[in-house]
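A look at the structure
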Amino acid sequence: MPNQYLLRRLIRCGNCGRSIRHQKHTPAVYYHCCKSSANKETSCPVDDRFYEKDLERVVQNDLLEKLRLLVEADERLHQTVASAKGTEKNLRFRLDQIEKRLKQISLSRTGAYERYADGSLSQELYLAERDRLYSTADILAVEKEKLEKELVSLIRSKNQDMTDTVQKAQEVLSASELTNDMLLFFIDRVNVYTGMRAISVPFIGSGT
């Protein structure tokens, strides 16, 4: 269809934020900011022409690179989940046990100090007990952090929106040619500025 060009509904002036005109009745198709045509005092890119082929190349390269990074990150995430030691239920149980143990250690430290303060525990025994409890707490804190990371990875791997987005990214990366619908799924807008700087703004879209 004639109006289904690749960057349809995406190109915006980086200064005023308005959609900029797709000028196609010329040998080389380009975009330009309509506001600058009517107001020469504006800070918009006055009379600048952003050629379609150049913008398409910049946007495609930028998007494909980001999608490759997304897919690679998802693969690493699944590898992390696969190497995890348990299910979400088991991870939460182990975290709960560690929390209870850390609270017990805190109470034990307080109790040891109170016994030292009232003279029923020597300084030497108190310091030894204190150091032992701190060492145990440090080990548990490291284990807790590791389990929390595993739990976050497991929860993220179950996120259906992310799964759908990664699947769409894989489809785009394997496509022989990009379409406007593909770009609209991932990109909210593309801001252009003087000097042909284009900034695409990806987002986790619904395809609408």
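Residues numbered from 1 in each chain as written. Predicted model: local features only at pLDDT ≥ 70, side-chain atom pairs only at ≥ 80, totals over all residues. Heavy atoms only, no water.

Considerations on the pattern of salt bridges
Basically, it comes down to this: We count a salt bridge whenever a side-chain nitrogen from Lys or Arg sits within 4 Å of a carboxyl oxygen from Asp or Glu. Per the convention used, a helix needs a DSSP run of H or I reaching at least four residues, while a strand needs a run of E reaching at least two, with both numbered from the N terminus.
Tallied over the full model, the rule gives 11 salt bridges. A salt bridge links Arg57 to Asp54; the nearest nitrogen and oxygen atoms lie 3.3 Å apart. Of the two residues, Arg57 and Asp54 are both situated in helix 2 (residues 52-83); the distance of three residues between them amounts to about one turn of the helix. Of the charged contacts in the structure, one is a salt bridge between Lys149 and Glu145, with a shortest N-O distance of 3.7 Å. Here Lys149 and its partner Glu145 are both found in helix 4 (residues 123-157), four residues apart, which amounts to about one turn of the helix.

Observations regarding the nonpolar core
What counts here: Put simply, buried Ala, Val, Leu, Ile, Met, Phe, Trp, Tyr and Cys residues joined by side-chain atoms within 4.5 Å make one nonpolar core. Per-residue accessibility, obtained with a 1.4 Å probe over protein chains only, is compared with the maximum for each type, and a residue is labelled buried under 20%, exposed over 50%, and partly exposed between these values.
Counting residues in hydrophobic clusters, the biggest one holds 28 residues, and the most contacted among them are Leu7, Ile11, Ile20, Leu183, Phe186 and Ile187. Among the secondary structure elements, those contributing two or more residues to this core are strand 1 (11-13), helix 2, helix 5 (160-174), helix 6 (180-186) and strand 5 (187-193). A total of six residues in this core trace back to one element, the largest contributor, which is helix 2. In terms of nonpolar packing, the next biggest core, distinct from the first, is built from 10 residues, Leu91, Ile105, Ala137 and Leu147 among them.

Quick notes on the sheet that holds strand 2 (residues 21-23)
Note the threshold: Two strands are said to pair when DSSP picks up at least two bridges between them.
Spatially, 2-3-4 is the arrangement adopted by the three strands of the open sheet, whose pairing is antiparallel. Looking at strand neighbours, the two that pair on one side only are strand 2 and strand 4 (50-51), the edges of this open sheet. Where strand 2 meets strand 3 (residues 30-32), three bridges bridge the pair, whose relative direction is antiparallel. Considered in strand 3, the bridge of His22 is made with Tyr31.

Topic: the packing of aromatic side chains
The test is simple: The rule is short: rings of Phe, Tyr and Trp, with Trp giving its six-membered ring, pair when the centres are within 6.5 Å, and they are stacked under 30 degrees, edge-to-face over 60, tilted in between. Working rule: Lys NZ or Arg CZ, within 6 Å of ring centre, within 35 degrees of ring normal, means a charge sits over the ring.
Summed over the entire model, instances satisfying the criterion amount to five aromatic pairs. Ring geometry for Tyr113 versus Tyr126: centroids 6.0 Å apart, planes at 65 degrees, classification edge-to-face. Of the two residues, Tyr113 sits in helix 3 (residues 88-117) while Tyr126 sits in helix 4, which places them 13 residues apart along the sequence. We classify Tyr126 as buried; its relative accessible area is 10%. Where Phe185 meets Phe186, the ring centres are 4.8 Å apart and the plane angle is 70 degrees; that geometry is what we call edge-to-face. By way of ring pairs, the aromatic residues Tyr113, Tyr116 and Tyr126 are connected into one cluster. Here the basic side chain of Arg109 rests over the ring of Tyr134, its NZ or CZ set 4.5 Å away from the ring centre.

Observations concerning the state of the cysteines
We apply this condition: In what follows, a disulfide is any cysteine sulfur pair within 2.5 Å.
Under the definition given, this model contains zero disulfides. Of the cysteine sulfurs around Cys16, a residue in no disulfide, the closest is that of Cys13, at 3.8 Å. Taking relative accessible area as the criterion, Cys16 reaches 24% and is therefore assigned partly exposed. Cys44 carries a free sulfur, and the closest cysteine sulfur to it, the one in Cys13, is 3.8 Å from it. Looking at Cys44, the relative accessible area reads 4%, which means it is buried.

As for the confidence of the model for the chain
Which entries qualify depends on this criterion: A score from 0 to 100, pLDDT tells how confident the predictor is in each residue.
When the pLDDT values of the chain are averaged, the result is 85; 87% of them are 70 or greater. Summarising per-element confidence for the chain, the mean pLDDT is lowest in helix 1 (residues 34-38) (65) and highest in helix 6 (93).

Observations concerning the environment of Arg132
Along the chain, Arg132 turns up in helix 4. The sequence separation of Arg132 and Ile105 amounts to 27 residues, and the corresponding C-alpha distance is 9.9 Å.

Focus: the side chain of Gln23
Applicable threshold: Any two residues whose heavy atoms approach within 4.5 Å at even a single point are treated as in contact.
Relative to the helices and strands, Gln23 resides in strand 2. The class for Gln23 is buried, based on a relative accessible area of 19%. Once you skip the residues sitting within four places of it in the chain, Gln23 turns out to touch Val29, Tyr30 and His32.

Examining helix 3
Put simply, the test is: Multiplying 1.5 Å by the residue count of a helix minus one yields the expected span of that helix.
Counted at 1.5 Å a residue, the expected span for helix 3 with its 30 residues is 44 Å, and the 44 Å between its end C-alpha atoms agrees. Residues of helix 3 that are buried include every one of Leu91, Leu95, Ile98, Ile105 and Ala112, and no others. The first or second residue beyond helix 3 is Gly119, which carries a positive phi of 90 degrees.

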